[in-house]
Amino acid sequence: MYSIPTTRLTPTGSPLHWLTDALAYTGDSFQRAVLFADIMRRRGNQYLDHLRQGQPPVLTFSYDILLDGREMDPPTNFYLARIRDRRTPSPSRPSDGKEKRHPLMPTSSPKAPTRPIIIIDPRAGHGPGIGGAKRDSEIGMALDQGYPVYVILFSTRPLAGQTLDHVQLAMARFVETVRDRHPQTGNPAIIGNCQAGWAAALLGAVRPDITGPIVMNGAPLSYWAGVKGKHPMRYKGGLTGGVWQASLWGDLGNGMFDGAHLVAGFEDLNPANTLWNKHYHLWANVDTEADRYLEFERWWNGYYLLTAEEIHFIVDQLFVGNRAQRGRLVMNDQRVDLKAMKGPIVVFASHGDNITPPQQALNWIPAEWGSVDEIRRRQQTIVYMVHGTIGHLGIFVSAGVSRKEHREIIASIDLMDYLSPGLYEMVISDDDDGIRKVRFEAREMADILAMDDGEDDQIAFGPAEALSSYNDRVYRRLVRPWVKAAVNEATAETLRQLHPLRTSRYGFSDLNPWMAPMVHLVDEVKKQRRPVSPDNPFLAMEKIFSDTVSKSLDLYRDCRDRSIESWFYAIFDHPWMRAIANDETTDDAVETFECRAGGLTEVHNGGFADAVVRIMVALAHAGSATRRRSLAAYDGLTGRDVRLTDIHGPVLSEMIKQQSGIMKSAPESALAALPCLLPCRSDRQKALAIATALMVREPDADAQVIRMRDAIAAVMGI
């Protein structure tokens, strides 16, 4: 697996040719070294400039501030902004009139979708704006399709004593403000990236009255889940003793936790990329990669702070304690019940994500609901999508992912209200004409659990949590007073500025006098730039050497991760540790569920509108999967008949859920009852004609849909 590449370098020509190649490669290497060093200098200067500007969001879109959290009670460092519409061409991306329109995007603006979308970026060491740092981004895709877009941003330094309870209250106020600005469109949809995904879920669970669909991209809610041998990040908290380290670093920061520690933890996961690959890629493509590299580094090098209270809550309650999934999380004196969310839930994960693997993004669904029948009884709709290869950042940063996955998720947000309650996988495919198609395939809990290797590996996390709580109590009582006595704001700021991630940035900036010659030298190099020929044998040797270094670092990473995993289970899966651990780790929250009324009692109740919707539901779910265009067809009901005039929006959504429940409970009885709902033969003919015109599109209609239409016609005697 870790064999050294064996590219054969066969000498061709005379020794003079080899000497010529060597000289050409040496000259190219020197020029690349100068250009590379200059990019490092520009990166350092960019870092310092960003600091001087107050580290503003890296958004490429203009925006207006609507609410400032510092002026609210309790105050926070968050604020609400609205993105200005970009229908006019951007100077950086002029319109050529050839951009493809989305098939669901309206051709005229007055009838464009108007449900507001709120996008929240992660607050996990970095700053906000990455969800709109490019034109092709989540924000860009939403604007392209006519949605009003809002973002929840935050400043570098939180207010002293700020807690996640305060942040949740501020976010609820922001969502209420957006809802009130769009009273005719339903509750806002919320898109949360990474840490912001679970924050949005917690908000939706506590305030389901103000939140609409919630999209979670790479958001961990099952912190203990993972596959043995693949996901070592979940073990680190236990092996380092738990949450006490977060308490220590918060105290050393004089009440503030430095986000650079979190970024360093992310970089440590993949030493080959951190120490070599990304720098070698820049070195090898130094003539073309500078702008892309610096654009990303501007966000990656923006280190933001959290309060000691915030990081302690995150590590103790969510990471180590896994309390959100276990129903033990309390925010603002209210227990967080994830099943209380009302709007559709969309989870986007990736097998290539080593920070939030699919198990951590999805396993909370079977843990919370238990079965798909439970999801249906609660009238909930859950949709998930799993990418095959993209990494964690790519889930919400990649332009390619934005143009495909996020574009289709956003285009489907309103239509998901029309999906029958249940669990679905969203599948995107392209036909021969390049037209993108979306379908929702019904799934069972077993499909999610099949991505995992079982739950036995999570037993050891209970003792790890118990030890974490004990260590934190010891630290707070015996050590914290001494640490606080030795720390002030000057020492805290000194520690922050001496962090290796910061020194490696400003150390290569113009603050370093040794970088001064680069300014003049790089101009001369650019004038005389002569890239080496791609077939130069020394360039091939360079690539072999780089590949060897990269694979060696991967080998180190794998050995380290296996060792971490082995030690974790050796310590915390031991019978003695299980006996020492508090039994409350296995005491799950008591289920308090009240089933909604409906089902068989409603089979024979209703009129013309109920019958039409029931027929449409039967046709929409007759095939192997529910196509998005079938969901879009529901919007065509209004105007087809005077009795359907008021059937739209929340009324239509609720009616679809009701009729879906009836069809799921007793499909044969539901169809047999249609003549009771439509006593008049002409009404039966009209109802079937309306449903068929909207749902059955020849000639590519599924054979199962055609058979269902014929069966309904036979039942109604027409």
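Reference entry: report on the structure contained in this document. (Residues numbered from 1 in each chain as written. Predicted model: local features only at pLDDT ≥ 70, side-chain atom pairs only at ≥ 80, totals over all residues. Heavy atoms only, no water.)

On to the nonpolar core, then. Membership of the largest hydrophobic core comes to 97 residues, with the highest contact counts inside it found for Tyr 634 and Leu 637. Apart from residues no more than four positions distant in its own chain, Leu 637 is found in contact with Val 612, Val 613, Met 616, Leu 644, Ile 647, Leu 652, Ile 690 and Leu 694. Counting 76 residues, the second-largest nonpolar core is a separate cluster that includes Ile 152, Phe 174, Tyr 384 and Phe 568. (Core = buried A, V, L, I, M, F, W, Y, C linked by side-chain atoms within 4.5 Å. Buried < 20%, exposed > 50% of the residue type's maximum accessible area, 1.4 Å probe, protein only. Contact = heavy atoms within 4.5 Å.)

Along the chain, Pro 421 turns up in the loop between α15 (399-412) and β13 (422-430). On the accessibility criterion, Pro 421 (7% relative accessible area) is buried. Sequence separation between Pro 421 and Gln 380 is 41 residues, and the spatial gap between their C-alpha atoms is 5.1 Å. Apart from residues lying up to four places away in sequence, Pro 421 is in contact with Arg 376, Gln 379, Gln 380, Thr 381, Lys 657 and Ser 660. (Helix = DSSP H or I, 4+ residues; strand = E, 2+ residues; numbered from the N terminus.)

On to the packing of aromatic side chains, then. Applying the stated rule across the entire model yields 22 aromatic pairs. Seen in terms of ring centroids, Trp 276 and Tyr 280 are 6.2 Å apart; in terms of plane orientation they differ by 5 degrees. Their pairing is stacked. Placement of the pair is Trp 276 and Tyr 280 together in helix α8 (residues 271-284), with a separation of four residues, close to one helical turn. Its relative accessible area of 25% is what places Trp 276 among the partly exposed residues. A relative accessible area of 16% places Tyr 280 in the buried class. Grouping aromatic residues by their ring pairs yields a cluster made of Trp 224, Tyr 235, Phe 461, Phe 568, Tyr 569 and Phe 572. Of note, Lys 228 hangs over the ring of Tyr 569, and the distance from its end group to the ring centre comes to 4.2 Å. Geometry around Phe 608 places Arg 643 over its ring, the cationic atom sitting 3.8 Å from the centre. (Phe/Tyr/Trp six-rings, centres within 6.5 Å; stacked < 30°, edge-to-face > 60°. Lys NZ or Arg CZ within 6 Å of the ring centre and 35° of its normal.)

Let us look at the sheet that holds β13. Within a beta sheet, neighbouring strands are joined by backbone hydrogen bonds and run either parallel or antiparallel to one another. Strand order in this open sheet of 11 strands is β1-β2-β4-β3-β5-β6-β11-β12-β13-β14-β15, and the pairing throughout is mixed. Two strands lie at the open edges of the sheet, namely β1 (63-68) and β15 (626-627), each paired on one side alone. Where helix α4 (residues 195-206) meets the sheet, its contacts fall on β3 (117-120), β5 (189-193) and β6 (214-217), and the angle it forms with β5 comes to roughly 145 degrees. (Pairing = 2+ DSSP bridges. Axes fitted to C-alpha atoms, helices over the stretch in contact; angles between N-to-C directions.)

With that settled, consider the environment of Asp 523. Counting through the fold element by element, Asp 523 comes out in helix α20 (residues 516-527). On the basis of relative accessibility, which here comes to 41%, the residue Asp 523 falls in the partly exposed class. Remark: the alpha-carbon pair of Asp 523 and Leu 35, spanning 488 residues in sequence, is separated by 9.3 Å.

Along its 36 residues, helix α21 (residues 537-572) runs 53 Å from first to last C-alpha, staying within 8% of the 52 Å computed at 1.5 Å per residue. Measuring from the backbone nitrogen of Phe 538 back to the side-chain oxygen at the start of α21 gives 2.8 Å, which picks out Asn 536 as the cap. (Expected span 1.5 Å × (residues − 1). Polar contact = N/O pair within 3.5 Å; in protein donor to acceptor, adjacent residues only side chain to side chain.)

Below, the discussion takes up unusual backbone geometry. Generally, phi is negative for residues other than glycine and the peptide bonds are trans, each holding for most cases. A cis amide bond links Asp 73 to the next residue, Pro 74, at an omega of 0 degrees. One non-glycine residue with positive phi stands out, namely Asn 254, at about 60 degrees. The phi torsion at Gln 379 lies on the positive side, around 60 degrees, for a residue other than glycine.

The element β13 is largely enclosed, with a buried count of seven among its nine residues. Pairing analysis gives four bridges linking strand β12 (residues 381-387) to β13, with the strands arranged parallel. Bridging across to β13, Thr 381 finds its partner in Gly 422. Of the strand pairs in this sheet, β13 and strand β14 (residues 436-442) are connected by seven bridges, and their pairing is antiparallel. Across the sheet, Met 426 pairs through a bridge with Phe 440, a residue of β14.

Of all the positions in α20, only Met 518, Val 522 and Val 525 are classed as buried. Buried residues along α20 cover an arc of 65 degrees about the axis, so they all sit on one side. Exposed residues on α20 whose side chains face more than 90 degrees from its buried face are His 520 and Lys 527. (Arc of directions from axis to C-beta.)

Topologically, Asn 45 is positioned in helix α1 (residues 15-52). Leaving out residues up to four positions away in the same chain, Asn 45 has contacts with Ser 509 and Asp 510.

This part is about a nonpolar patch on the surface. Judged by side-chain polarity, Tyr 470, Val 474, Leu 478 and Val 479 come together as a nonpolar surface patch covering roughly 360 Å² of accessible area. Here Leu 478 lies in helix α17 (residues 461-486). (Patch = residues over 30% accessible without salt bridge, like charges linked within 9 Å, V, L, I, M, F, W, Y side chains within 5 Å. Areas by Shrake-Rupley, 256 points an atom, 1.4 Å probe, with all protein chains shown as cover. Salt bridge = Lys/Arg side-chain N within 4 Å of Asp/Glu carboxyl O.)

We now examine the pattern of salt bridges. Summed over all chains, the structure comprises 52 salt bridges. Asp 414 serves as the salt-bridge partner of Arg 115, at 2.6 Å between the closest nitrogen and oxygen. With Arg 115 in the loop between β2 (78-83) and β3 and Asp 414 in the loop between α15 and β13, this residue pair connects regions lying 299 residues apart in the sequence. Of the residues examined, Asp 414 reaches a relative accessible area of 23% and is grouped as partly exposed. One salt bridge connects Lys 686 with Asp 641, and the closest N-O pair in it is separated by 2.6 Å. Taken together, the residues Lys 686 in helix α28 (residues 681-695) and Asp 641 in the loop between α24 (628-633) and α25 (649-665) connect sequence positions 45 residues apart. Look at the salt bridges and you will find they share partners, linking Asp 28, Arg 32, Asp 287, Arg 529 and Glu 542 into a network.

A word on the state of the cysteines. Going through the model one piece at a time under the given rule, you end up with zero disulfides. In this structure Cys 676 is a free cysteine whose sulfur lies 14 Å from that of Cys 680, the closest cysteine sulfur available. The exposure class of Cys 676 is partly exposed, given its relative accessible area of 48%. Taking relative accessible area as the criterion, Cys 680 reaches 37% and is therefore assigned partly exposed. (Disulfide = S-S within 2.5 Å.)

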